[in-house]
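The primary structure of each chain is shown beneath.
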Amino acid sequence: MSVQRREGSPARSRPTWLLWLVLAALWLGSLPVRPLLDPDEGRYAEIPREMWVSGDWITPRLDGLKYFEKPPLQYWGTAALYEVFGLSEWTARLWTVGLAFLCLPAVFAWARQLYGREAGLAALAALAVTPYFALVGHLNLLDPGFTFWLSAAVLALTRGLCEPEGSSGEQRWVLAAWLTAGLAVLSKGVVVPVLAGSTLAVYMLLERDWRLLRRLHCIAGGLLFLVVSAPWFILVTLRNPEFPGFFFVHEHFARFLTNVAQRVEPWWYFLPLMAVAALPWWPALGTRSPNLDRNRDSLFKPLKLLVLFSIVTLVFFSFSGSKLAPYVLPTMPVLAAVVGVRVARRPSLLRRVLQSTSGLLLLAALGVLVYGLERNGRVPTSVGIWIGVAAIAAIAAVLATPRTSSLERVAWVAAASAVVGWQALLIAYTAVPPVRSSAAIVAASKPFVRPGTLLFSVGQYRPTLSPYLERTVQPVSFTGELEFGFAQEPARQMSEESFLESWRGSRDAIAFVDSRVLEQWRRRGLAGRIIAADAYTVVVSRL
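The sections below set out a description of the structure shown in this document. Each chain carries its own residue numbering, running from 1 in the written order of its sequence. A pLDDT threshold of at least 70 governs which residues receive local features in this predicted model, and a stricter bar of 80 or more applies before side-chain atom pairs are shown or counted, although totals over entire chains, interfaces and linings include all residues. Heavy atoms from the whole structure form the basis of all side-chain values; hydrogens and water molecules are not counted.

1. Quick word on the overall build of the protein
What counts as a helix is a DSSP run of H or I of at least four residues, what counts as a strand is a run of E of at least two, and both are numbered from the N terminus. A tally of regular secondary structure across the protein gives 23 helices and 7 strands. Between the two quantities, the radius of gyration covers C-alpha atoms and the globule rule is 2.2 Å times the number of residues to the power 0.38. For the protein, the C-alpha radius of gyration of 25 Å lies close to 24 Å, the compact-globule estimate for 543 residues. Expressed as lengths along the three principal axes of its C-alpha atoms, the size of the protein is roughly 80 × 55 × 45 Å. We call a residue buried when its accessible area falls under 20% of the maximum for its residue type, exposed when it is over 50%, and partly exposed in between, using a 1.4 Å probe and counting protein chains only. Considering the protein as a whole, with its 543 residues, one finds that 55% of them fall into the buried category. Counting 52 positive and 36 negative side-chain charges, the protein places the centres of these two groups 8 Å from one another. Charged residues are defined narrowly, with Lys and Arg counted positive, Asp and Glu counted negative, and His plus the chain ends left uncounted. Note on charges: their place is set at NZ of Lys, CZ of Arg, CG of Asp or CD of Glu.

2. Looking at the packing of aromatic side chains
The rule is short: rings of Phe, Tyr and Trp, with Trp giving its six-membered ring, pair when the centres are within 6.5 Å, and they are stacked under 30 degrees, edge-to-face over 60, tilted in between. By the definition in use, this model includes 32 aromatic pairs. Ring centres of F247 and F248 lie 5.1 Å apart, and the angle between their planes is 85°; this geometry places the pair in the edge-to-face category. Accessibility expressed as a relative area gives 0% for F247, which makes it buried. Residue classification places F248 among the partly exposed residues on the basis of a relative accessible area of 26%. Joined through ring pairs, the aromatic side chains of F68, W232, F233, F243, F246, F247, F248 and F484 make up one cluster.

3. Considering the packing of helix 5 (residues 117-128) against helix 15 (residues 331-344)
Relative orientation and spacing of two packed helices are given, respectively, by the angle between their axes and the distance between those axes. The axes used here are C-alpha line fits, helices contributing only the stretch in contact, and every angle between their N-to-C directions lies in the interval 0 to 180 degrees. Orientation of helix 5 relative to helix 15, taken along the N-to-C sense of each, is 135°, at an axis distance of 7 Å. On the basis of their axis angle, the class for helix 5 and helix 15 is oblique. In this structure, the crossing between helix 5 and helix 15 has a hand that is right-handed. In this structure, helix 5 uses E118, A119, A122, A123, A126 and L127 to contact helix 15, whose residues at the interface are M332, P333, A336, A337, V339, G340, V341, V343 and A344. Three categories are distinguished: nonpolar for Ala, Val, Leu, Ile, Met, Phe, Trp, Tyr, Cys and Pro, charged for Asp, Glu, Lys and Arg, and polar for the others, with Gly belonging to the last. Residues of the contact of helix 5 with helix 15, tallied by class, amount to 13 nonpolar, 1 polar and 1 charged. Small angles under 35 degrees read as roughly parallel and large ones over 145 as roughly antiparallel, with 65 to 115 read as roughly perpendicular and the rest as oblique. Left-handed describes a crossing whose near helix is turned anticlockwise from the far helix by less than a right angle; the clockwise case is right-handed. Contacts are assigned to residue pairs with any non-hydrogen atoms lying within 4.5 Å of each other.

4. Some thoughts on the pairing of strand 6 (residues 529-533)
The pairing of strand 6 with strand 7 (residues 537-541) spans 4 bridges and is antiparallel. When the bridges of strand 7 are listed, A533 appears paired with V538. Linking two consecutive strands that pair antiparallel, namely strand 6 and strand 7, is a turn of 3 residues. What makes two strands pair is DSSP finding at least two bridges between them.

5. Details of the sheet that holds strand 6
Two pairing modes exist for strands in a sheet, parallel and antiparallel, and in both the strands are linked by backbone hydrogen bonds. Taken in spatial order, the 5 strands make up an open sheet running 4-3-5-7-6, and their pairing is mixed. The open sheet terminates on both sides in strands that have one partner only, identified here as strand 4 (474-476) and strand 6. If you compare each strand with its neighbour and ignore which way they point, the axes differ by 25° on average.

6. Topic: a nonpolar patch on the surface
Think of a patch as exposed residues, more than 30% relative accessible area, with no salt bridge, where like charges cluster within 9 Å and nonpolar side chains (Val, Leu, Ile, Met, Phe, Trp, Tyr) cluster within 5 Å. The Shrake-Rupley method, run with a 1.4 Å probe, gives the accessible areas here. Residue values count only the displayed protein chains as cover. A side-chain nitrogen of Lys or Arg and a carboxyl oxygen of Asp or Glu constitute a salt bridge if their distance falls within 4 Å. Among the surface-exposed residues, L363, L366, L369, V370 and L373 lie close enough to one another that they form a single nonpolar patch of about 430 Å² accessible area. Within the secondary structure layout, L366 lies in helix 16 (residues 348-376).

7. A word on the environment of E496
When you line up the elements, E496 lands in helix 22 (residues 496-505). Not counting residues within four places of it along the chain, the set of residues in contact with E496 comprises V476, S477, W521 and R524.

8. Some remarks on the packing of helix 4 (residues 89-115) against helix 5
Closest axis-to-axis distance for the helix 4/helix 5 pair is 7 Å, and the angle between their directions is 155°. Between helix 4 and helix 5, the angle is such that the two are roughly antiparallel. Of the two possible hands of crossing, helix 4 and helix 5 adopt the one that is right-handed. Only R117, A119, G120, L121, A123, L124, L127 and A128 of helix 5 make contact with helix 4, whose side of the interface consists of C103, L104, V107, F108, A111, R112 and Y115. The class makeup of the residues in the contact of helix 4 with helix 5 is 12 nonpolar, 1 polar and 2 charged.

9. Quick notes on unusual backbone geometry
Backbone torsion omega between D38 and P39 reads -5°, so that peptide bond is classified as cis. Mapping P39 onto the fold places it in the loop between helix 1 (17-28) and helix 2 (40-54). The step from P433 to P434 runs through a cis peptide bond, and the omega angle for that step is -5°. Tracing the chain through its elements places P434 in the loop between helix 18 (407-431) and helix 19 (439-445).

10. Some remarks on helix 16
Over its 29 residues, helix 16 extends 43 Å from the first C-alpha to the last, a length consistent with the 42 Å expected when each residue adds 1.5 Å. Contacts from the buried residues of helix 16 go to helix 5, helix 6 (131-136), helix 13 (282-285), helix 15, helix 17 (381-399) and helix 18. Just downstream of helix 16 lies G377, where phi reads positive at about 80°. Helix span is expected to be 1.5 Å times the residue number reduced by one.

11. Here's the deal with the pattern of salt bridges
For the structure shown, the criterion picks out 22 salt bridges. Linking E481 and R43 is a salt bridge whose minimum nitrogen-to-oxygen distance equals 2.7 Å. With a gap of 438 residues between them, E481 in the loop between strand 4 and helix 21 (483-488) and R43 in helix 2 connect regions that are remote in the sequence. What makes E481 partly exposed here is its relative accessible area of 22%. Residues E163 and R159 are paired through a salt bridge, measuring 2.4 Å at the closest nitrogen-oxygen approach. With respect to burial, E163 and R159 carry one shared label: buried. One continuous salt-bridge network, built from bridges that share partners, spans R34, E41 and R93.

Here it is, written out as structure tokens:
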């Protein structure tokens, strides 16, 4: 059966590339503005740096120690960017934030192709205005990149299943789904086949459509999936026999089934998060709408599968023994596509989505202002400026879209204003003292750091130290996330006595000391002068 598509007018059949370039510039504009934050942004900047410097692209290392918690695709991408553009805050973030941006044209293209240009524009706006996606998508985490590859797999699969059965279009899109699923595995791990397989199983059970199995091209697709995802797992295991036990058993099964990761939250942890993420959409979700899938020529129901994927993802992570807020980020692009199709049927709803986004931005701006006042009694000028930028973006969006505005105008204004507004608030929030980044103290310490200077981190481990120093540091009196690496290379772990002996015998050393234990170390013989300090760390120089 042919797929019913709703194409826009010929004059509007192509995207407005200038607007896409402007939106991309706005999305990427904050990459060099914010300092890298502890711990995650520092960690995912440092592992690629060590990969880049060492030339070992198989065994990930953090501070020189083996680090097998996640697969390497993001490390490879970021290390390649370092090779081309050098080490900086914007190159450290470009892979993950850039892939998050690509979710916007992905949902636009999917909805436009299957449901018309208006649906594509509405889906673009629905994703861009989502605070959860906009904020997490600008952090140097693994989740935004994983979200892009997994969403691309789900969207490609549904796109292929909308093609006539057995057609070249079906095969092309379904194989693209297998390919991007393999890249998703290399981004986050083996959870991908669990989520995708469960979603398909639930869909086929509900629809009683078992013919779908033969449309998945499992032999060709499975081979493609393995060609993409398996080689690194084989190579890293050959070089590091301890890898499978830690990665598959500890980082997947034990983390899901037990509290080993110490990230215990109630089963309903993600529900309020999802509700907040969908706040701008409530004007659209709160209205009655026909079953859009039933208006198609194809028997396959793509919107239903997208909704089921979101439900399966939410349920899966809700039952996990380890919960972190970004885990359900992959639900956002696919749900935005569903919302976009729904909103396109009633264009006035999109303006209500824009208005609710503007109101939410103003409320959040007030919240950041109050947070800064409560924490410090004052708000630094730079923070106030960014709060003002967010408020202006929110107000200007409403003024720029009168009631007679076209859906296209409302969509682009909503997307642009939300991107600017949420980024401005993220910058403001992360700049409220005390800032969880070592950028300032490293800048103050660098004049004292020479090629032969010994560098120690005492009583704490701040991952942003190493990328800013462009050197590894020696942890003292700390294991934490480095515990596995120390267990594999125990000679790298320095005792407190060895540290003090090395400190006393050196004329050129710097220690980054947890401010809570500085006086204890002073009494034990940590002599030297303080050259920098922030709320978390005091920097002591032996000179």
